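What follows is the residue order along each chain.
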Amino acid sequence: MTAGKSLPMQHLGEIQKQTTIVPRKGLPMQHWGEMRCHIRMLNWLLGSEARRKADFAEPRKRLDEMYAGLSEVKDAEAALPKKERLLEMMNYFEEALNKYMFQSFIGAKGAAIFVDRSLEKIQWAYEFFRKYPRALEKKIEKPIIILGLHRTGSTTLQRLLSLDPSANEMNLWKICADPLNDTYQSACTKVRRDFTFDAVSPSFQQGLVDYHPMEPDLPDEDSMLVFPFFRVAADYAVNYPSESVHVQKLMNDPQQQRDGFRFVRQWMKMWSVKENPLVKPEETEETRHWVIKNPFHGHAINELLEEFPDARLVFTHRKFADCMKSMAGLKLVNTAVLTEPTMFDSHLIGMNATIFEQILARRTVEFVKEHPSRDDVHVTHKKIMADPIGTVRDIYEQFGMPFTEEYHQILKEFVAGSPPVPSAVKKSLSHFGLTVDDVMNADAAAYDAMFVDGK
């Protein structure tokens, strides 16, 4: 079987059976960097099957401890995901990892660490709401939520919109901060611990930053909050058949999505009240609005709107094939450290990334067709990059929001000081053994026709 236009998602497992066990010989290792050679060597040395087994004992221990006194929190069931749901998804994830055993030693240990650190954030919220239950009454109104395929300019747009003095932003340091025990400085240390892989390789860190700049003060995705297993599972999903019950449960469960969006809203409340010692006084004002983004939200837009019914949605778009040139490269960096060396296949990674983005493209098209009367904003990557200030001004005009001169000056200074896009993100599909025809199925073509062609 070969990759092609009409390749349905359920066939990915068949491709894996034929391509994963024997790495492709025609894709030189230098395509993905000398530093990943060292990572693969480390994984190989530590990579016996017993040592590659995922063990979620520590996350389960944390789960038991954090929910022991849950009844002390007012409206606890609404404030935090249910323990049974968290345990169920944890079991699915662990079982998937150990059934297929494609992960490296670092990948196996990393999965447990990522899950534990995600649960840690729920525990911080639990402790905060136990001490300040009235914080749950805080209203989160009309947030700007940015959606779009990966590599469509959503990060750039989030950072532009977050510069508004009247906006609350989801900085990385806030995502990593325990408001009852951390300082700004200690939270910044956790950013480096949780996101930049300093402990693994400075070169690997740079590989990620080339695709997605990460600094404590920069606003970023709410990936670590949406649900402890959804985002992490996405990075590991390249390693096991997509039609398996594990992937379907981890990636496509509507209730999991609802739980995740509800927790994001609770987290926003925690960072909008004066009881949080790390919140600035102006961030508690009722007139402020939040700016958040996450491409994965596009898989469950209806569930997102159940939790944020008055959300102002902004969709970012780009030619599908151009998205995949960049997205496949990002997945290559993400999965190099997670995958057992003898089972690493860059062609499979490219196809896997393509299939998930095709599904995201289809769901975006379906949502827009099903909701023709919504006043959402659609902007292209080309427009964001060519005229960032004009793009922001147009968004504010469509939403009826004041575009102040103060904000205008801040944008001008930001744009003038912004570095160019690193050349590392401009990869060719040939790096992954793919052509434009391979990635352009009917869903991708419909996406381009609706949102990009002629715009």
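These figures come from a predicted structure and were not determined experimentally. Per chain, residues are indexed from 1 in the order of the written sequence. Per-residue local features of the predicted model are confined to residues with pLDDT of at least 70, and side-chain atom pairs are confined, for both listing and counting, to 80 or more; whole-chain, interface and lining totals are unaffected and use all residues. Water and hydrogen atoms were dropped before computing side-chain values, which therefore reflect all heavy atoms in the structure.

### Some remarks on the sheet that holds strand 4 (residues 312–317)
Logical step 1: Taking strand neighbours across the sheet as the criterion, the five strands line up as 2-3-1-4-5 in an open arrangement whose pairing is parallel. The open sheet has two edge strands, strand 2 (167–169) and strand 5 (377–380), and neither has a second partner. Averaged over all pairs of adjacent strands, the angle between strand axes in this sheet comes to 25°, irrespective of strand direction.
Logical step 2: Paired strands, as defined in this entry, are two strands with at least two bridges between them according to DSSP. We count a stretch as a helix when DSSP gives it H or I for four or more residues in a row; a strand needs E for two or more, and each element gets its number in order from the N terminus. Across three bridges, strand 1 (residues 144–148) lies against strand 3 (residues 289–293) in parallel orientation. The convention used is that axes are lines fitted to C-alpha atoms, helices contributing only their stretch in contact, and that angles between N-to-C directions extend from 0 to 180 degrees.

### Brief notes about the pairing of strand 4
Logical step 1: The element strand 4 is largely enclosed, with a buried count of six among its six residues.
Logical step 2: Here strand 4 shows a buried face lined by Arg312, Val314 and Thr316 and a second buried face lined by Leu313, Phe315 and His317.
Logical step 3: Pairing geometry for strand 1 and strand 4, over five bridges, is parallel. Across the sheet, the residue bridging to Gly148 is Thr316, located in strand 4.
Logical step 4: Relative to strand 5, strand 4 is paired through four bridges, and the arrangement is parallel. Residue Thr316 lies in a different strand from strand 5, and its bridge partner there is Val379. Only protein chains enter the area calculation, which uses a 1.4 Å probe; residues under 20% of their type maximum are buried, those over 50% are exposed, and those in between are partly exposed.

### Re the side chain of Lys190
Logical step 1: You can see Lys190 is positioned in helix 9 (residues 184–195).
Logical step 2: On the basis of relative accessible area, Lys190 is assigned to the buried category, the value being 16%.
Logical step 3: For the purposes of these results, a polar contact is taken to be a pair of N or O atoms within 3.5 Å, where, inside protein, one atom must be able to donate a hydrogen and its partner to accept one; residues adjacent in sequence count only when each atom of the pair is a side-chain atom. Here Asp182 takes part through its side chain, which lies 2.6 Å from a polar atom of the side chain of Lys190.
Logical step 4: Any two residues whose heavy atoms approach within 4.5 Å at even a single point are treated as in contact. Excluding residues within four positions of it along the chain, Lys190 makes contact with Trp124, Cys176, Asp178 and Asp182.

### Side note on helix 3 (residues 57–66)
The α-helix advances 3.6 residues per turn, and as a result positions three or four apart in sequence lie on the same side.
Logical step 1: The complete set of buried residues in helix 3 reads Pro59, Arg62, Leu63 and Met66. One side of helix 3 holds all its buried residues, which, seen down the axis, span an arc of 105°. By definition, the arc is the one covered by directions from the helix axis to the C-beta atoms.

### Considering the nonpolar core
Logical step 1: Phe56, Met170, Trp271, Phe308 and Leu313 are the most contacted members of the largest nonpolar core, which totals 55 residues.
Logical step 2: At nine residues, helix 6 (residues 105–131) tops the list of elements feeding residues into this core.
Logical step 3: The set of buried Ala, Val, Leu, Ile, Met, Phe, Trp, Tyr and Cys residues whose side-chain atoms join them within 4.5 Å is what this entry labels a nonpolar core. Counting 23 residues, the second largest nonpolar core, distinct from the first, contains Cys323, Met327, Val365 and Val452.

### Here's the deal with unusual backbone geometry
Logical step 1: Of note, Lys142 is a non-glycine position whose phi angle comes to about 50°, a positive value.
Logical step 2: Within the secondary structure layout, Lys142 lies in the loop between helix 6 and strand 1.
Logical step 3: The exposure class of Lys142 is partly exposed, given its relative accessible area of 47%.
Logical step 4: Although it is not a glycine, Arg151 adopts a positive phi angle of roughly 70°.
Logical step 5: Inspection of the secondary structure assignment puts Arg151 in the loop between strand 1 and helix 7 (154–161).

### Here we look at the pattern of salt bridges
Logical step 1: We count a salt bridge whenever a side-chain nitrogen from Lys or Arg sits within 4 Å of a carboxyl oxygen from Asp or Glu. Under the criterion given, the structure shown has 22 salt bridges.
Logical step 2: For Asp220, the salt bridge identified is with Arg159, shortest N-O distance 3.3 Å. With Asp220 in the loop between helix 10 (202–211) and helix 11 (223–226) and Arg159 in helix 7, this pair connects stretches of sequence that are 61 residues apart.
Logical step 3: Judged by relative accessible area, which is 6%, Asp220 ranks as buried.

### Describing the environment of Leu330
Logical step 1: With respect to the secondary-structure elements, Leu330 resides in helix 16 (residues 320–336).
Logical step 2: Overall, the relative accessible area of 12% leaves Leu330 in the buried class.
Logical step 3: Separated by 19 residues in sequence, Leu330 and Ile349 have C-alpha atoms that sit 9.9 Å apart.

### Focus on the confidence of the model for the protein
Logical step 1: Per-residue confidence from the predictor is given as pLDDT, running between 0 and 100. The predicted model of the protein has a mean per-residue pLDDT of 77, with 68% of residues at 70 or higher.
Logical step 2: In the predicted structure, residues 1–47 sits below a pLDDT of 50 and forms 94 contacts with residues beyond four places in sequence or in another chain.
Logical step 3: Confidence drops under a pLDDT of 50 for residues 197–204, and excluding neighbours within four residues, the segment shows 18 contacts in the predicted structure.

### A look at the packing of aromatic side chains
Logical step 1: Side-chain rings of Phe, Tyr and Trp, where Trp is taken by its six-membered ring, are said to pair if the distance between their centres is within 6.5 Å; with planes under 30 degrees apart they count as stacked, over 60 as edge-to-face, and otherwise as tilted. All chains considered together, the criterion is met by 10 aromatic pairs.
Logical step 2: Taking the centre distance of 5.2 Å and the plane angle of 80° together, the rings of Trp173 and Tyr184 count as edge-to-face. One end of the pair, Trp173, is in helix 8 (residues 172–175); the other, Tyr184, is in helix 9, and 11 residues separate them in sequence.
Logical step 3: The partly exposed category is assigned to Tyr184, whose relative accessible area is 30%.
Logical step 4: Each ring, one from Tyr396 and one from Phe403, has its centre 6.0 Å from the other, and the planes form 80°; the classification is edge-to-face.
Logical step 5: Tyr396 sits in the buried class, given a relative accessible area of 1%.
Logical step 6: Here Phe403 falls in the partly exposed class, since its relative accessible area comes to 22%.

### Re helix 19 (residues 388–399)
Logical step 1: Expected span, for any helix, means 1.5 Å times one less than how many residues it has. Between the first and last C-alpha of helix 19 there are 17 Å, a value that for 12 residues agrees with the 16 Å anticipated at 1.5 Å per step.
Logical step 2: Among all positions in helix 19, only Pro388, Ile389, Gly390, Thr391, Val392, Ile395, Tyr396 and Phe399 are buried.
Logical step 3: Turning to helix 19, the residues buried within the fold contact helix 7, strand 3, strand 4, strand 5, helix 18 (381–386) and helix 20 (405–416).
Logical step 4: Once helix 19 finishes, Gly400 follows within two positions and takes phi at roughly 70°, a positive value.

### Some words on the packing of helix 7 against helix 19
Logical step 1: Running from amino to carboxyl end, helix 7 crosses helix 19 at an angle of 70°, the nearest separation of the two axes being 11 Å. Comparing their axes, helix 19 and helix 7 come out roughly perpendicular. For the element pair helix 7 and helix 19, the recorded crossing hand is right-handed. Along the contact surface, helix 7 presents Leu157, Leu160 and Leu161, while helix 19 presents Pro388, Thr391, Val392, Ile395 and Tyr396.
Logical step 2: Each residue receives one of three labels: charged for Asp, Glu, Lys and Arg, nonpolar for Ala, Val, Leu, Ile, Met, Phe, Trp, Tyr, Cys and Pro, and polar for the others, Gly being one of them. Looking at the contact of helix 7 with helix 19 residue by residue, the class counts come to seven nonpolar, one polar and no charged. Orientation is classified from the angle alone, with under 35 degrees giving roughly parallel, over 145 giving roughly antiparallel, 65 to 115 giving roughly perpendicular, and any other angle giving oblique. In a left-handed crossing the near helix is turned counterclockwise from the far helix by less than a right angle, and in a right-handed crossing that turn is clockwise.

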